[in-house]
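# A look at the structure
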Number of protein chains: 2
Amino acid sequence: MSEASNPYAPSPYDEVSNVGNFQLIESTLREGEQFANAFFSTEKKIEIAKALDDFGVDYIELTSPVASEQSRMDCEAICKLGLKAKILTHIRCHMDDAKVAVETGVDGVDVVIGTSQFLRQYSHGKDMNYIAKSAVEVIEFVKSKGLEIRFSSEDSFRSDIVDLLNIYKTVDAIGVNRVGIADTVGCANPRQVYELVKTLKNVVSCDIECHFHDDTGCAIGNAYSALEAGARLIDVSVLGIGERNGITPLGGLMARMIVSAPDYVKSKYKLHKLRDLENLVAEAVQVNLPFNSPITGFCAFTHKAGIHAKAILANPSTYEILNPADFGMTRYIHFANRLTGWNAIKSRVEQLNLHLTDDQIKDVTAKIKKIGDVRQLGIDDVDTIIKDFHSELQ
Amino acid sequence: MSEASNPYAPSPYDEVSNVGNFQLIESTLREGEQFANAFFSTEKKIEIAKALDDFGVDYIELTSPVASEQSRMDCEAICKLGLKAKILTHIRCHMDDAKVAVETGVDGVDVVIGTSQFLRQYSHGKDMNYIAKSAVEVIEFVKSKGLEIRFSSEDSFRSDIVDLLNIYKTVDAIGVNRVGIADTVGCANPRQVYELVKTLKNVVSCDIECHFHDDTGCAIGNAYSALEAGARLIDVSVLGIGERNGITPLGGLMARMIVSAPDYVKSKYKLHKLRDLENLVAEAVQVNLPFNSPITGFCAFTHKAGIHAKAILANPSTYEILNPADFGMTRYIHFANRLTGWNAIKSRVEQLNLHLTDDQIKDVTAKIKKIGDVRQLGIDDVDTIIKDFHSELQ
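Throughout, a residue's number is its position along its own chain's written sequence, starting from 1. Each chain takes a letter, starting from A, and each ligand takes a number, starting from 1, following the order in which they are written. The predicted origin of the model limits local features to residues at a pLDDT of at least 70 and limits the giving and counting of side-chain atom pairs to 80 or more, whereas totals for whole chains, interfaces and linings rest on all residues. The side-chain figures draw on all heavy atoms in the structure; neither hydrogens nor water molecules are used.

For clarity, the cut-off: UniProt positions are given in the numbering used here, feature names are shortened, and annotations may be inferred rather than shown by experiment.
As recorded in an unreviewed UniProt entry, chain A goes by homocitrate synthase and comes from Lachancea fermentati. As stated in UniProt under Pathway (unreviewed entry), the record for chain A gives "Amino-acid biosynthesis; L-lysine biosynthesis via AAA pathway; L-alpha-aminoadipate from 2-oxoglutarate: step 1/5." UniProt's Function (unreviewed entry) comment on chain A is quoted here verbatim: "Catalyzes the aldol-type condensation of 2-oxoglutarate with acetyl-CoA to yield homocitrate. Carries out the first step of the alpha-aminoadipate (AAA) lysine biosynthesis pathway."

Next up, the structure:
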């Protein structure tokens, strides 16, 4: 009996985490095109594809060539760019779509079909036998063309677990490259994700890819839990753009992963390009960067309360798990407000190249806090108060 | 031997989930005041406190009365409003602060002290014995005044687990009302949270409160995992505003919890007031609502891809886990784009009160997709195409 088939062999489970060995399927040009505001011209798609490739994503996923004539031509154009990233397109589990997809020049095809009772009843109306039969036909066809092939269920967390495992086992047996789990409605929670991936990991030998919508705010936490349970690939888009509120955002996932696997993340992805990439896409879809965007939000590295400022000045690791320099960003100590403390003001006094004793700094801090109680302060206001205080001492 | 002390008694663990029995500590007026842009006048604080109370939060947490003279007066003013929510203030673990806090009229005091090596070294410089001694003194003092008292560590996930459990056990034994876990730097992940809360749950008999910063995008997932492990209270703020990128957002947590505990959430919180509450705070701190804000983001209930629109029109549950009507919001099917499908166009034709056969609708859909390939379409454009097509048939 081989070790792999021995049910009493040590569980491979605790060894399966891919937190330090994950890959990104970047879907701004597929899922992102389903964002309400997205209309990408051919030139814009090419610009985004090149920027994603430069950033270092492993795969770039494109809208189905069947969606429209221009979608097909854009797919072909991006395949001809000779990017390092592998190019994928995303189609329905149907031979009509597959035949068009394999002619575009893509490196791989992502096939998806709804497996939940909801999607089977209201979307395509097919039963699981039909789904399995179509899947096998499409997979074998795409493989026969020498391309990578992924099979994903849709709405996986509301699908029958036995149906799901059956179809994944079937497609794994015929040599699919990846199977995908998709939280299409954004309802999954981290422990649920961990359990499903862990179960699936014991059923298939191929890689597992995960796709999480963010309707209930768990898309990053779910992605992390999936990697811990042995998933290998996560679908992301720039700023998370996609259907409704979109999916796991590239920037947020980078923030999560650099904390857990700093060497891997820093060696693989050009993190200092993240801001430009987000600005490029935000401009293309006419949205503002959310004020609280991970890493790139205007306040991501701003410290305000006096107690925080004091410790940050002594050692940034006290209140920062991310180093802004890794992303080409800078730290800012907000000292012009009533919550400020004398350590923050001391730092400002030094920046202004003035000389005050600690007691004097405490006095001027009290003055600043008092004025800050009455009105909102700007940096200029505080500088003026400090300079006036300093002059009066002379 | 009592059942509780029998180490071989059934683990209480699987019964401890508070997903359907959680409480909110709303900290827009404390953590939120540490947001870079926040400057709340007394009138604005009162307006926000009343709106939070009307929404139905369990607790409202206010900035320390020691932070500034106006902070103390504002705290007293809010205590006098006679709100249903209990009023808390948040202080350092120090008798000087506690003496001021108990005189403000608050219902309870939240005490916090840094327990990680980072904060002990660079913030307050105290050892664990000193921390325990101060904690006991402050807790007994606040209790003697008949007020609720919470003791929280700071930077809990980078603190020594033995130190942490020791101090929590000590404060639990003297009758603290709640102990708090704080992910001050936003580095925790959901499984780690689950494990720490589960461990702590077996050490203390009081309630557990959790505070999660969102630097790595897991603040909602972490909150959910904490409740699953038996935490009872979650700290939130409107739009998540706080130090750096802030904490678990109220709206996002509502989205998460309504999926898991719909009756509890709908009976307890006035969800249709969420949008007004977010607009009130966004305006006060001069930020735009993020485009992808859970529930209230402009695209949270917008469906675009043809395949999605088809199913949504047949049954909204197919691609929506949240019902927009629960929040006073509406669903929107985006049909004016090249990814549109004939089911979405059919729905629009019906809205326009025109009569076309399915084949005719498929023809006009092809026409719309073709034009949508060349340029971005507005609703007016599509309506014009449909009407022209309809006229030509007459």
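### Here we look at the interface of chain B and chain A
Quick reminder of the rule: The criterion used for residue contact is that any of the two residues' heavy atoms lie within 4.5 Å. Buried area: the sum, over both parts, of the accessible surface (1.4 Å probe) that disappears when the two are put together. When a carboxyl oxygen of Asp or Glu is within 4 Å of a side-chain nitrogen of Lys or Arg, the pair counts as a salt bridge. We call two N or O atoms a polar contact when they sit within 3.5 Å, provided that within protein one can donate a hydrogen and the other can accept it, with sequence-adjacent residues counted only if both atoms are side-chain atoms. Only DSSP runs of H or I covering at least 4 residues are called helices, and only runs of E covering at least 2 are called strands; the numbering of each starts at the N terminus.
Opposite the 88 residues of chain B that make contact, chain A presents 88 residues. Both sides of the chain B and chain A interface together cover about 7,500 Å² of buried area, and 56% of this is carbon and sulfur. Put simply, chain B and chain A have four salt bridges between them. Residues glutamate 33 of chain B and arginine 338 of chain A are paired through a salt bridge, measuring 2.8 Å at the closest nitrogen-oxygen approach. Counting every contact that joins chain B to chain A gives 37 residue pairs in polar contact (both at pLDDT 80 or more). Secondary structure elements with two or more residues in the side of chain B that touches chain A: helix 2 (69-79), helix 4 (117-124), helix 7 (190-201), helix 8 (219-228), helix 9 (250-260), strand 9 (302-303), helix 12 (306-314) and helix 14 (358-374) of chain B.

### Some thoughts on the pairing of strand 8 (residues 233-236) of chain A
Residues and elements named next belong to chain A. Short version of the rule: The cut-offs for exposure are 20% and 50% of the maximum accessible area for each residue type, with area from a 1.4 Å probe on protein chains only; residues under the lower value are buried, those over the upper are exposed, and the others partly exposed. Here, a strand pair is defined by DSSP locating no fewer than two bridges between the strands. Clockwise travel from the first strand over the helix to the second, with the strands pointing away from the viewer, marks a crossover as right-handed.
Side-chain alternation along strand 8 places Leu233 and Asp235 on one buried face and Ile234 and Val236 on a second face that is also buried. For strand 1 (residues 23-26) and strand 8, the ladder comprises four bridges, and the chain directions are parallel. In the sheet register, glutamine 23 faces strand 8, and the bridge partner there is leucine 233. The pairing of strand 7 (residues 207-212) with strand 8 spans two bridges and is classified as parallel. For cysteine 210, the partnering residue across the bridge sits in strand 8 and is isoleucine 234. With helix 8 (residues 219-228) bridging strand 7 and its parallel neighbour strand 8, the resulting β-α-β unit is right-handed.

### Some details on the side chain of threonine 63 of chain B
Tracing the chain through its elements places threonine 63 of chain B in the loop between strand 2 (59-62) and helix 2. A polar contact is formed between the side chain of threonine 63 of chain B and the backbone oxygen of leucine 29 of chain B, at a distance of 3.0 Å. At 2.4 Å, the side chain of threonine 63 of chain B forms a polar contact with the side chain of glutamate 33 of chain B. Those residues in contact with threonine 63 of chain B that sit more than four places away from it in its chain are Leu339 of chain A together with Leu29, Arg30, Glu33, Ser71 and Thr89 of chain B.

### Concerning the sheet that holds strand 2 of chain B
Note the cut-off: In this analysis an axis means a line fitted to C-alpha atoms, helices contributing only their contacting stretch, and an angle means the value between N-to-C directions, from 0 to 180 degrees.
Read around the barrel, eight strands follow the order 1-2-3-4-5-6-7-8 (chain B) and close on themselves; strand pairing throughout is parallel. If you compare each strand with its neighbour and ignore which way they point, the axes differ by 25° on average.

### So, the side chain of aspartate 383 of chain A
Residue and element names in this part refer to chain A. Secondary-structure assignment places aspartate 383 in helix 15 (residues 379-393). By relative accessible area, which is 8% here, aspartate 383 ends up buried. Excluding residues that lie within four positions of it along the chain, aspartate 383 makes contacts with Phe335, Arg348 and Leu352.

### Section: the relation of the copies chain B and chain A
Note the following rule: Superposing the copies works by least squares over the C-alpha atoms of residues that have pLDDT at least 70 in both of them.
It takes a turn of 180° to lay chain B on chain A, together with a shift of 0.0 Å along the axis; the resulting RMSD is 0.0 Å. As the rotation angle and translation indicate, the two copies are arranged about a two-fold axis. No C-alpha of chain B approaches the rotation axis more nearly than that of proline 290 of chain B, which lies at 2.3 Å. A shared binding surface is used by both copies, with 100% of the interface residues of chain B retained as interface residues in chain A.

### A closer look at the domain arrangement of chain A
Often, the extent of an interface is quoted as the loss of accessible area upon association of its parts. Residues and elements named next belong to chain A. Threshold: Marked domain ranges trace back to an automatic or database domain assignment. The classification used treats Ala, Val, Leu, Ile, Met, Phe, Trp, Tyr, Cys and Pro as nonpolar, Asp, Glu, Lys and Arg as charged, and all other residues, Gly among them, as polar.
As assigned here, chain A comprises domain 1 (3-284) and domain 2 (302-393). In this structure, domain 1 and domain 2 have C-alpha centres spaced 46 Å apart. Facing the eight residues of domain 1 at the interface are six residues of domain 2. Buried surface at the junction of domain 1 and domain 2, both sides included, amounts to about 630 Å², of which 71% is carbon and sulfur. Together, Val259, Leu271 and Arg275 form the three largest contributors to the area buried by domain 1 at its contact with domain 2, with a combined 51%. On inspection of domain 1 and its partner domain 2, the count reaches one salt bridge. For the salt bridge of aspartate 326 with lysine 266, the shortest nitrogen-to-oxygen distance reads 3.6 Å. For the side of domain 1 that touches domain 2, the secondary structure elements donating two or more residues are helix 9 (250-260) and helix 11 (274-284). Here the side of domain 1 that touches domain 2 takes three residues from helix 9, the largest share from any one element. A per-class count over the side of domain 1 that touches domain 2 returns five nonpolar, one polar and two charged.

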